[in-house]
Amino acid sequence: MPKQDYYEVLGTNQGSDAQAIKRSYRTMAMKYHPDRNPGNSEAAEKMKRVNEAYAILSDEKKRSLYDSYGHSGLEGYT
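Let me sum up the structure you'll find in this document. By convention here, each chain's residues receive numbers from 1 onward along its written sequence. Residue-level local features of this predicted model are given only where pLDDT is at least 70; pairs of side-chain atoms are given and counted only at 80 or more, and the full residue set underlies all totals for whole chains, interfaces and linings. By convention in this description, side-chain values take in all heavy atoms of the structure and omit both hydrogens and water.

1. Quick word on helix α2 (residues 18-32)
The way it works is that DSSP assigns letters per residue, a run of H or I at least four long becomes a helix, a run of E at least two long becomes a strand, and they are numbered from the N terminus. The span you would expect from a helix comes to 1.5 Å times its residue count less one. Between the first and last C-alpha of α2 there are 21 Å, a value that for 15 residues agrees with the 21 Å anticipated at 1.5 Å per step. Think of it in three bands: residues with accessible area under 20% of the maximum for their type are buried, residues over 50% are exposed, and the middle band is partly exposed, with areas taken using a 1.4 Å probe on protein chains only. Listed as buried for α2 are Ala20, Ile21, Ser24, Tyr25, Met28, Ala29 and Tyr32. One face of α2 carries all of its buried residues, which in axial projection span an arc of 165°. In α2, the exposed positions angled more than 90 degrees off the buried face are occupied by Gln19, Arg23, Arg26 and Thr27. Residue contacts are defined here by distance: any two heavy atoms, one from each residue, within 4.5 Å place the two residues in contact. On the buried face of α2, the contacting elements are α1 (6-10), α3 (41-57) and α4 (60-69). Of all possible arcs, the one meant is that of the directions from the helix axis to the C-beta atoms.

Encoded structure:
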């Protein structure tokens, strides 16, 4: 399965500032959190994607690499 655009996952765009990204993350986390959706494997999978997207977009260095090179810019990044 191809990776989905991280901005799309969080419902933001590339021009969003850190505050907007954090706000979107919190909204999505509340919507898809496993405690709010017990037994819903689809919500759990979406929550994993939301967490992954936020981990990249909330880190300035990773976000810069992602903005420049997409998912391939993050391969092998530690």
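2. Describing the pattern of salt bridges
For salt bridges, the criterion is a side-chain nitrogen of Lys or Arg within 4 Å of an Asp or Glu carboxyl oxygen. Using the criterion set out here, one finds four salt bridges in the structure. In this structure, Glu45 and Lys48 form a salt bridge, with 4.0 Å as the shortest nitrogen-oxygen distance. Of this pair, Glu45 and Lys48 both sit in helix α3, separated by three residues, roughly a single helical turn.

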